[in-house]
Amino acid sequence: MRSQYARRVQVLTGAMLLIALAIIVQLTRIQNSPEAAVFRQQAENYAYEWKTFYPNRGEIYDRNGRLLAGQKTVYEIGVDLTTVRDPHAIAFAVSRELGLNYDNLMNVIQNPPEGLSYLVLADFVDAQKALNLQELKRALQEQASSGTLGGLTGLQFKAHPQRSYPENALASNILGFVNREGKGYFGIEENYDNLLAGNPVSVLIPTDPNKAYEIPRVPDGTTMILTINRDLQAAAENILDKALLEYGAQDGTIVIMNPQNGELLAIAVSRRMDLNNFWNYGTIYHNATEFNPAISKTYEPGSVLKILTMAAALDTNTVTPATTYLDTGSVLIGGVTIQNWDRNPWGVQNMLGCMQHSLNVCMVNLATQMGANNFYTYMDAFGLGHLTGVDLAGESAGRLKVPGDSDWYPVDLGTNSFGQGVAVTPIQMMAAVSAVANDGRMVTPHSLFAMVRDGRQYNVPAQFAGTPISEQTAKTLTEMLAVSLEAESSLALVPGYRIAGKTGTAQIPVNGFYDGSQTNASFIGWGPIDDPQFMIYVWLERPTSSPWGSETAAPVFSEMAQKTVILLDIPPDFIRQQIASQ
Amino acid sequence: MNIPNINFIHAYRVAPWRVQRQWIGNALLLVVVLALVAGLYLNVTSRTAIAGREIQDLMSAIAISQQTSSDLHTQLASLTSASAMEQRARLLGFRPVTSEDLQYLVVPGYVAPEPVNLSSNALPQLSALTIPPEYNQSLLDWLDDRIASRRAQ
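Since the structure is predicted, the reported quantities are computational estimates derived from the model, not experimental observations. (Residues numbered from 1 in each chain as written. Chains lettered and ligands numbered in written order. Predicted model: local features only at pLDDT ≥ 70, side-chain atom pairs only at ≥ 80, totals over all residues.)

1. Details of the overall build of chain A
Then comes step 1: Counting its secondary structure elements, chain A contains 20 helices and 20 strands.
Then comes step 2: Computed over the C-alpha atoms, the radius of gyration of chain A is 36 Å, more than 25% above the 25 Å expected from 2.2 N^0.38 for a compact globule of 582 residues.
Then comes step 3: With the C-alpha coordinates of chain A rotated into their principal frame, the extents come out at 150 × 60 × 50 Å.
Then comes step 4: Here chain A holds 582 residues, and 44% of them are scored as buried.
Then comes step 5: Relative to all contacts within chain A whose residues are 6 or more apart in sequence, the contacts with residues 24 or more apart total 72%. (Helix = DSSP H or I, 4+ residues; strand = E, 2+ residues; numbered from the N terminus. Rg over C-alpha atoms; globule rule 2.2 N^0.38 Å. Buried ≥ 20, exposed ≤ 12 C-beta atoms within 10 Å, placed from the backbone. Contact = placed C-beta atoms within 7 Å.)

2. Details of the overall build of chain B
Then comes step 1: What chain B contains, in helices and strands, is 4 helices and 0 strands.
Then comes step 2: Listed N to C, the secondary structure of chain B is α-α-α-α in terms of helices and strands.
Then comes step 3: Taking all 153 residues of chain B together, the buried fraction comes to 4%.

3. A few points about the sheet that holds strand β19 (residues 513-527) of chain A
Residue and element names in this part refer to chain A.
Then comes step 1: The 5 strands lie next to each other as β11-β10-β20-β19-β18, forming an open sheet whose pairing is antiparallel. Looking along the sheet, the strands with just one partner apiece sit at the ends: β11 (264-269) and β18 (500-510). Each strand of the sheet is rotated relative to its neighbour by a mean of 10°, with strand direction disregarded.
Then comes step 2: Alignment of β18 against β19, held across 11 bridges, turns out to be antiparallel. Its bridge partner being in β19, Gly501 is matched across the sheet by Gly525.
Then comes step 3: Along the sheet, helix α17 (residues 426-437) contacts β10 (251-257), β19 and β20 (534-541); its crossing angle with β20, the most-contacted strand, is approximately 145°. (Pairing = 2+ DSSP bridges. Axes fitted to C-alpha atoms, helices over the stretch in contact; angles between N-to-C directions.)

4. Quick look at the domain arrangement of chain A
Often the size quoted for an interface is simply the accessible area lost on bringing the parts together.
Then comes step 1: Splitting chain A by domain gives domain 1 (70-166) and domain 2 (230-581).
Then comes step 2: Taking only C-alpha atoms, the centre of domain 1 of chain A and the centre of domain 2 of chain A are 56 Å apart. (Domains from an automatic or database assignment.)

5. Examining the interface of chain A and chain B
Then comes step 1: Between chain A and chain B, the contact holds 44 residues from the first and 39 residues from the second.
Then comes step 2: For the side of chain A that touches chain B, the secondary-structure elements that each account for two or more residues are β3 (67-80), β5 (155-164), β9 (223-226), α9 (230-247), β16 (448-453), β17 (456-459), α19 (553-567) and α20 (573-581) of chain A.
Then comes step 3: Here the element with the most residues in the side of chain A that touches chain B is β3(A); it accounts for 5 residues.
Then comes step 4: Classifying every residue of the side of chain A that touches chain B gives 19 nonpolar, 14 polar and 11 charged. (Nonpolar A, V, L, I, M, F, W, Y, C, P; charged D, E, K, R; others polar.)

6. Section: the packing of helix α12 (residues 306-315) of chain A against helix α18 (residues 471-487) of chain A
Residue and element names in this part refer to chain A.
Then comes step 1: With their axes 10 Å apart at the nearest point, α12 and α18 run at an angle of 135° to one another. Comparing the axis directions of α12 and α18 gives the class oblique. Between α12 and α18 the crossing geometry is right-handed. Of the residues in α18, those in contact with Ile307, Met310, Ala311, Leu314 and Asp315 of α12 are Thr473, Thr476, Leu477 and Leu481.
Then comes step 2: Taken together, the residues of the contact of α12 with α18 break down into 6 nonpolar, 2 polar and 1 charged. (Parallel < 35°, antiparallel > 145°, perpendicular 65-115°, else oblique. Left-handed = near helix turned anticlockwise from the far one by under 90°.)

7. Side note on the packing of α12(A) against helix α14 (residues 360-370) of chain A
Two measures define how a pair of helices packs: the angle their axes make with one another and the distance between the axes.
All names here are of chain A.
Then comes step 1: Packing of α12 against α14 brings their axes to within 10 Å, and their N-to-C directions diverge by 40°. Classified by the angle their axes make, α12 and α14 are oblique. Read as a crossing pair, α12 and α14 show a hand that is left-handed. Facing α12, whose interface residues are Lys306, Thr309, Met310, Ala312 and Ala313, α14 presents Met363, Leu366, Ala367 and Met370.
Then comes step 2: Looking at the contact of α12 with α14 residue by residue, the classes come out as 7 nonpolar, 1 polar and 1 charged.

8. Overview of unusual backbone geometry
All names here are of chain A.
Then comes step 1: Cis geometry marks the peptide bond from Gly527 to Pro528; its omega dihedral reads -20°.
Then comes step 2: If you trace the backbone, Pro528 turns up in the loop between β19 and β20.
Then comes step 3: Even without a glycine there, the phi angle at Ser489 is positive, about 50°.
Then comes step 4: Position of Ser489 among the secondary structure elements: in the loop between α18 and β18.
Then comes step 5: By the C-beta count within 10 Å, which is 8 here, Ser489 ends up exposed.
Then comes step 6: For Asp569, which is not glycine, the phi dihedral falls at a positive 55°.
Then comes step 7: With respect to the helices and strands, the residue Asp569 is situated in the loop between α19 and α20.

Laid out in structure tokens, this is it:
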């Protein structure tokens, strides 16, 4: 009996061993079969996935740490089609909260594109609206009887950042904007797009949650600190808006720069856009140059360019301030008669009177005496016809015709000397005239003060664009311009501060001829002249109350300068002299 | 004298029930060892899975915190924007200052404010530069590695 049991056990054991052996053999065979290699490959394909981590876009601050561009949270609202319980409820709630069409929503939820399990209903939804929907979803879930799902089951919310501009339209022409794909357009956003956007990091992430993986460190985009002073920018925009109304000008620009280092403190333009609604771009601007005319729009500057002609004449020793000439009211050059702005003769004048009365005949004489070669060499050194290198996207180079160009005629030497027949941008004029304000050294205008990356701030040093004139010439001309303004009791004067400057009134060429009824009125000035802290350029396009720069742009300059000295804490001259004497 | 004892010991040693017990004991030992290894493996993998999930949760929490911080920062900037502050100042009865309102005093030692400095201490390293394989390999991965390295040799 016992041996019988033993025999059975042995047989059973043998059978089980055989089965176990067969299983092992089969396992080994499957593991090493060609099909196994295919499956292994498929498993490896799904074992890891590439995931890209996008850094937060860098913020933009003004020089005093005021946020000009940051991030806000918005939501993508979608439906998980596999868990939707009540499409009607979802379509109704979403259409009501977001103002979308109910029928369209119902249609896409009930007839989704083939193969989709998740459908985006709306993106970039305001946080408050998304919160309202989330609360409604929660409330419906709570009201649902136990064990059942709420009406908005399947509605999903995904938060993500979006560029936000807390100052809305303020300095919009400087900042530019970022579209929904994260690309920067215009201004700082375009010029420093790569730095602001940062570097996305792509890493292979195991899909198996049991496997730990390295967390990539994705540094945020570089934060920018601008040279712009927010309060000064706001004041410039207010003053410009008032000036446009007061003088009936079509458009206008005010640029404020530190002439000693090229830091742009404010750039106000008349057409501004709420950057949070950048899709209105097409309705506000007709072409790209209107976004920031201060750097993009070229025009004939008129008499403000006489500063450069006089600088060249003084620097080449063609004249001194005391040099006199007989002004007959007109002069012939290249077969064309050039007249003064009032078409009158001014008799014997020295160079001070020449600048004070803004005499075209005088300028033509100076250009002729120094010669075309000298004149254009200086204009080239002042940067006319060249980009200034300002760090804002969309700068135009302007145009300076020179002898040898197919469209240059001898008369151009005469007209160019008083600012006609030459196309410049306001920022070019600022850069060129900075040489006069800054002891002969011309600055490169810039709007970036510093960059912050990984917690460290890197300040941007001032850059200089050459020394077109000597220090002595610069000081002499500055004094001449200051005395000119004081002698004619210019509306540009600033009580308590000595300033230097020059008006400009330029006729506008229309279809090849100058339109006598429309002008570009401008004024460029700087102060205090012994230690220049600001240079202001005012440009009013087609003012209707008066065509003259002395009656429109000059008082705007004065108002802007008075505001500037307050906001920049620049004491009047006698206080500074007191401090210096102590 | 000793012959009976020798026979008894030999008989004890070769007793069938004793051989069976030895086999059973060995088999049980093997089962216990396997159970220990399996338990250890289960313990390690479950802890790894929990840690992985915690890391993902923490990463998500960091992202949400950063987003919230940016959001609040921007909201604060909106509330203190130039237009908002001017409006509030006017409501409180203030008006823009003019040059006639100002009186300048010489204050010895006064230093004019400098532009902002947003430098901060360098951010802490949020992740190890490399994770040694011991921390992300399963037992089978390790075995695979060893076999592969042996084959390579």
